[in-house]
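Breakdown of the fold
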Amino acid sequence: MKKKFYITTPIYYVNDRPHIGHSYTTLVADVLARYYREKLGKDNVFFLTGTDEHGTKVAQSAEQSGLSPQQFCDQTAVLFKKAWQSLNISNDDFIRTTEERHIKAVQKIFNQLKEAKTPKGNPAIYQDTYQGLYCTGCEKFMTEKELVDGKCPDHQKKPEKLSEKNWFFRLSDYLDDLKKRIESNEFEILPEGRKNETLGLIEQGVADFSISRETVTWGVELPFDKTQKSYVWVDALSNYITAIGYPDDKEKFNKWWPADLHLMAQDILKFHALYWPALLMALDLPLPKREFIHGFFTIDGKKMSKSLGNIITPEELVKKYGTDGVRYLLLSQFSFGQEADIKAELFDERYNADLANGIGNLVSRTANMFENYLDGKAPPSRLKFDIDINEIDDLIEDYNFSDALRKVNENIEFGNKIIESDKPWLLYKNGKIDLLIKTLGEVRGILLKIADQLKAILPNTSEKITDIFDSKKKIEKPKEPLFKRV
Ligand code: MSP
């Protein structure tokens, strides 16, 4: 059994506005953080998210908006914080890479890398001249092979030809050791397919990568070479340790590191499954225990992007469906590991069927019958069939959120079936009060179980149900429906 749980999301680029792609990863992290707070106690869980604010891409977006890079970052970081509030995200910290605490720590990390030796006895970093094709959209060098018609397939732009003096990280010297740690699951990459993909990359041979840039102005300055700024990915990946106090706050750092789970989508697998562990090895630190790589979703078959104008923001969804409505719609749509296409027009249907007519209706009709037939008095809850709450626990621990919600829906259906077959209105009419108490008691018991099952996933709904059916109070039909029909 775990004693502590440190979970992270990627830190998001501030040149984009928060959309439901970012929201999805953050939401999953939130469910897991809430779940483990219940299991391990709230002081034993640390949930980190934040924003990635350096690099050419961000500097260019700032210029287009007529702002200084820092002003631009300040504005967008707020948008991410607001988006997470609107989704009731319970992060323990929010790191911004332009914060002093982070910049200072990154500089110390660079000094350590400068001193480090690889397992083969070579210096971990070295200077070289790099010539290559750089895609600013990806913030990475690309090979000719990766291009389609000479363009980056993700950004539809020709990469720039760059030739500059950089510091390089000797990744090649770490790959044998890394491979062993991945194969043995000491460093676990999930799902299995992503682990194999990573091993495949190692098999093909991965080149050393540049960790500094000469022509970039918006970045962390290398402490030992003022002509260079940190490559934005080294700066960004370091957030996972700088936020928990590395290297100065040893007590805090040792409490949380290694991370129990880094979450992300496959677009940034290579950085997290190859670069990050190798950098940690150079720093002589343990590797994260696990990375889970989920699918990238598209909207009506297309990638979400500013230029296509098909970005869906969490706020617009929250306005329509409420916080828990959005949490439900995003988490129930598809299996966590898989790629999927979102059909926004199905949201209404799903919301009405599962939330307004499903759980919302069961809660209000049951509370209504308590109020009308039993003067709001709660009988001891009894169950005909036991609902196994551990079933949901196992699904959450397996990151199977869509099936967890499916199970909850089955339990709601079960509650409705009891009402349909026992017909409490007839029991009341015929004066069969004992039977009436038994039936409504059962349904109340089911609803309280459902509230338990939903605690981490739909926290507000869970709390409302527990409150409505609290035995210390009079049970009354809620004034507002839990989920208004749309
Ligand atoms: N800044 C880097 C990450 C640095 S982490 C040390 C970055 N940022 S990003 O803003 O582009 O965020 C990428 C991540 O956002 C994905 O890995 C995924 O977690 C999430 N998603 C963004 N769009 C998404 C979808 N359309 N679908 C699913 N997840 C998506 O990369």
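The preceding data block contains the structure.
Below: a short report on this structure. Because the structure is predicted, anything quoted here is derived from the model rather than measured.

**A word on the site of the ligand**
Near the ligand lie 24 residues; those nearest to it are Ile11, Thr25, Asp52, Asp267 and Phe297. Contact between the ligand and Gly21: a nitrogen atom at 3.5 Å from a main-chain N or O atom of the residue. Residue Thr25 places a side-chain N or O atom 2.7 Å away from an oxygen atom belonging to the ligand. Relative to its unbound accessible area of 670 Å², the ligand is 95% covered by the protein chains. Its residues assigned to classes, the shell around the ligand shows 14 nonpolar, eight polar and two charged.

**Some words on the pairing of strand E5 (residues 125-135)**
Where E5 lies against strand E7 (residues 160-169), ten bridges are found, and the strand directions are antiparallel. From the neighbouring strand, Leu133 faces E7, where its bridge partner is Lys161. Inspection of the sheet shows E5 paired to strand E6 (residues 140-142) by three bridges, in the antiparallel sense. Paired with Leu133 across the two strands is Met142, which belongs to E6. Between the end of E5 and the start of E6, which pair antiparallel, lie four residues, with Glu139 showing a positive phi angle near 50°.

**Examining the nonpolar core**
Core analysis: the largest hydrophobic core is formed by 83 residues, its most contacted members being Ile7, Ile20, Leu32, Leu331, Ile359, Phe401 and Phe469. When residues of this core are assigned to their parent elements, the largest contribution, twelve residues, is made by helix H12 (residues 345-374). Counting residues in each nonpolar core, the second largest holds 64 residues, with Tyr6, Tyr13, Ile109 and Leu269 among its members.

**Details of the pattern of salt bridges**
A complete count under the given rule lists 32 salt bridges for this structure. A salt bridge links Arg181 to Asp177; its shortest N-O distance comes to 3.5 Å. On the criterion of helical spacing, the pair formed by Arg181 and Asp177 is a turn pair, its members being four residues apart in helix H5 (residues 175-183). In this structure Asp177 comes out as partly exposed when scored by relative accessible area, which is 29%.

Rules and cut-offs
- Residues numbered from 1 in each chain as written.
- Predicted model: local features only at pLDDT ≥ 70, side-chain atom pairs only at ≥ 80, totals over all residues.
- Heavy atoms only, no water.
- Near = heavy atom within 4 Å.
- Polar contact = N/O pair within 3.5 Å; in protein donor to acceptor, adjacent residues only side chain to side chain.
- Areas by Shrake-Rupley, 256 points an atom, 1.4 Å probe, with all protein chains shown as cover.
- Nonpolar A, V, L, I, M, F, W, Y, C, P; charged D, E, K, R; others polar.
- Pairing = 2+ DSSP bridges.
- Helix = DSSP H or I, 4+ residues; strand = E, 2+ residues; numbered from the N terminus.
- Core = buried A, V, L, I, M, F, W, Y, C linked by side-chain atoms within 4.5 Å.
- Buried < 20%, exposed > 50% of the residue type's maximum accessible area, 1.4 Å probe, protein only.
- Salt bridge = Lys/Arg side-chain N within 4 Å of Asp/Glu carboxyl O.

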